[in-house]
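# A structural walkthrough
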Amino acid sequence: MAEINGPHDGGSEPDYRFTLANERTFLAWLRTALGLLAGGVAVHQLVPDPTALSSVLAGLCVVLAAVLAASAYPRWRQVQTAMRAGRPLPKSGMLIVLTAGILVITLTAAALVVFS
């Protein structure tokens, strides 16, 4: 069997439904990143009398958005390659990163509401 190096190399063509589901997941990661980016920009632009805490909140949103956007394509590629090769799907550490990031953003937003 030929070595599989990329998402479209070798192996067998996965069922198109799985390929499309993988693509929808990729796009969902990007939508989440865009939402976080928009939230960071909104906090930066719309919070009256900005404080260090609002700057931290905006920064956290933007940083988490960048991390998600940067990891979306490699994740799509790993899953697509695994499906072609008939291997188990790889685990993703991004679920923990996203969960922890949203928790930190939520706690920071709560602190901003309480202390402003």
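Residues numbered from 1 in each chain as written. Predicted model: local features only at pLDDT ≥ 70, side-chain atom pairs only at ≥ 80, totals over all residues. Heavy atoms only, no water.

### Considerations on the overall build of the chain
Just so we agree on the cut-off: What counts as a helix is a DSSP run of H or I of at least four residues, what counts as a strand is a run of E of at least two, and both are numbered from the N terminus. For this measure, only C-alpha atoms enter the radius of gyration; the expected value for a globule follows 2.2 Å times N^0.38, where N is the number of residues.
Helix and strand counts for the chain come out as 3 helices and 0 strands. For the chain, the succession of helices and strands along the chain, N to C, is α-α-α. Compactness check: the chain gives a C-alpha radius of gyration of 19 Å against a globular reference of 13 Å for 116 residues, more than 25% above the reference. In terms of overall dimensions, the chain has C-alpha extents of about 60 × 20 × 20 Å along its principal axes.

### With respect to the pattern of salt bridges
Just so we agree on the cut-off: For this document, the term salt bridge refers to a Lys or Arg side-chain nitrogen within 4 Å of an Asp or Glu carboxyl oxygen.
Per the counting criterion, the structure on display carries 2 salt bridges. Residue Asp15 pairs with Arg17 through a salt bridge whose shortest N-O separation is 2.5 Å.

### Regarding helix H3 (residues 94-115)
Rules: Here, expected helix span is obtained from the residue count minus one, scaled by 1.5 Å. Only protein chains enter the calculation, and the probe is 1.4 Å; a residue is then buried if its accessible area is under 20% of its type maximum, exposed if over 50%, and partly exposed in between. Starting at the helix axis, one direction is taken to each C-beta atom, and the arc is that of these directions. It only takes one pair of heavy atoms within 4.5 Å for two residues to be counted as in contact.
When the terminal C-alpha atoms of H3 are compared, their 31 Å separation across 22 residues agrees well with the 32 Å that a helix rising 1.5 Å per residue should span. Restricting attention to buried positions, one finds in H3 the residues Met94, Leu98, Gly101, Ile105, Thr108, Ala111 and Leu112. Each buried residue of H3 lies within a common arc of 155 degrees when the element is viewed along its axis, so the set occupies one face. With respect to the buried face of H3, the exposed residues turned more than 90 degrees away are Ile96, Thr99, Leu103, Leu107, Val113 and Val114. Residues of H3 that are buried in the fold lie against helix H1 (16-46) and helix H2 (52-85).

### Quick look at H1
Look at H1: 44 Å from first C-alpha to last across 31 residues, which is about the 45 Å you get at 1.5 Å a residue. Along H1, the residues classified as buried are Thr19, Asn22, Phe26, Trp29, Ala33, Leu36, Gly40 and Val43.

### Overview of unusual backbone geometry
Even without glycine at this site, Asp49 takes up a positive phi of about 50 degrees. Tracing the chain through its elements places Asp49 in the loop between H1 and H2. We classify Asp49 as exposed; its relative accessible area is 69%.

### Describing the side chain of Thr81
This is how the line gets drawn: A 3.5 Å cut-off defines polar contacts: any pair of N or O atoms within that distance qualifies, except that in protein one atom must be a possible hydrogen donor and the other a possible acceptor, and neighbouring residues in sequence count only when both atoms are side-chain atoms.
The topology assignment puts Thr81 in helix H2. For Thr81, a relative accessible area of 8% gives the class buried. One polar contact links the side chain of Thr81 to the main-chain carbonyl oxygen of Arg77, over a distance of 2.8 Å.

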